[in-house]
Amino acid sequence: MGRSFANLHIKSNNLEKTVEALRELSEGHAKVLGKKNHEAPESKVVMYVSKSNENWISVLHDYFVWGTVKKAGKTLSQLTGEPVMTAGYMNEEIFELSLFENGDIQAEKIFCEQWTRDEYEQLREERLNDDYLRKALDIRNEDFDGFIGITSPGQAVDKLSEIVSMSLWSDWEWIPYEEALKNRFVKYEF
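In this report, we go over the structure that sits alongside the text. (Residues numbered from 1 in each chain as written. Predicted model: local features only at pLDDT ≥ 70, side-chain atom pairs only at ≥ 80, totals over all residues. Heavy atoms only, no water.)

What follows concerns the sheet that holds strand 2 (residues 46-51). To summarise the sheet geometry, strands pair through backbone hydrogen bonds and adopt either a parallel or an antiparallel arrangement. Across the sheet, which stays open at both edges, the seven strands sit in the order 6-5-4-1-3-2-7 with antiparallel pairing between neighbours. Among the strands making up the open sheet, the edge pair consists of strand 6 (104-111) and strand 7 (186-189). Within the sheet, the average angular offset between the axes of one strand and its neighbour, ignoring direction, is 25°. Taken together, the four bridges between strand 1 (residues 5-11) and strand 3 (residues 56-61) define a ladder with antiparallel strand orientation. Looking at strand 3, one finds that His9 is bridged to Ser58. Here helix 6 (residues 153-164) sits on the sheet and contacts strand 1, strand 3, strand 4 (84-90), strand 5 (94-101) and strand 6; the angle it forms with strand 5, its principal contact strand, is near 40°. (Pairing = 2+ DSSP bridges. Helix = DSSP H or I, 4+ residues; strand = E, 2+ residues; numbered from the N terminus. Axes fitted to C-alpha atoms, helices over the stretch in contact; angles between N-to-C directions. Contact = heavy atoms within 4.5 Å.)

Considering all chains together, one arrives at 12 salt bridges under this definition. Of the charged contacts, one joins Lys11 and Asp138 as a salt bridge, the two residues approaching to 3.4 Å between their closest N and O atoms. Placement of the pair is Lys11 in strand 1 and Asp138 in the loop between helix 4 (130-137) and helix 5 (141-148), with a sequence separation of 127 residues. A salt bridge links Glu20 to Arg23; the shortest N-O distance between them is 3.6 Å. With a gap of three residues between them, Glu20 and Arg23 both fall in helix 1 (residues 15-28), about one helical turn apart. On the basis of relative accessible area, Arg23 is assigned to the partly exposed category, the value being 29%. Overlapping salt bridges bring together Lys70, Glu96 and Glu108 as one network. (Salt bridge = Lys/Arg side-chain N within 4 Å of Asp/Glu carboxyl O. Buried < 20%, exposed > 50% of the residue type's maximum accessible area, 1.4 Å probe, protein only.)

Here the focus is helix 4. Every buried residue of helix 4 is listed here: Tyr132, Leu133, Arg134, Ala136 and Leu137. Where helix 4 terminates, the next one or two residues include Asp138, which has phi positive at roughly 55°.

Any link to function would need more than the numbers given here.
In structure tokens form, the structure reads like this:
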């Protein structure tokens, strides 16, 4: 078993608007966060939020894992009206990158070796929209083919982190142990 993480990122420079959308997600769409919509009020939803750079706001939550983070990203893209990128990295074998806008998946790419695709028979992208992916991530045309052709999940995370100018290597479980994450993320309770 290798390292795993999942997180989501809103393409926005408005932190206040994003926090309000996260509040709405927590209160009105708690199911996508693994909670019943009307759980007891003492059961607060905890999220870690970072204005990672001038273009992206990052969010970590304990329910985000490969397979669940996409549901939250899809719903959040509907609430914010902004593009939402979800990242799911599993056991150093799979890196799934998905982009949503207005509640619909716009682009998706799964970075993995061929043997992984063979092992996970149902492993395929819902949609790969090169133009949307290039535009949303601000990837120069000359860099796109090199990025999209990566088969190593770890290399893909590193390259995408470089492209969007923020580290995607983050998960809520790591915050107590990694000083850089402690300094970057702020805890919000909804």
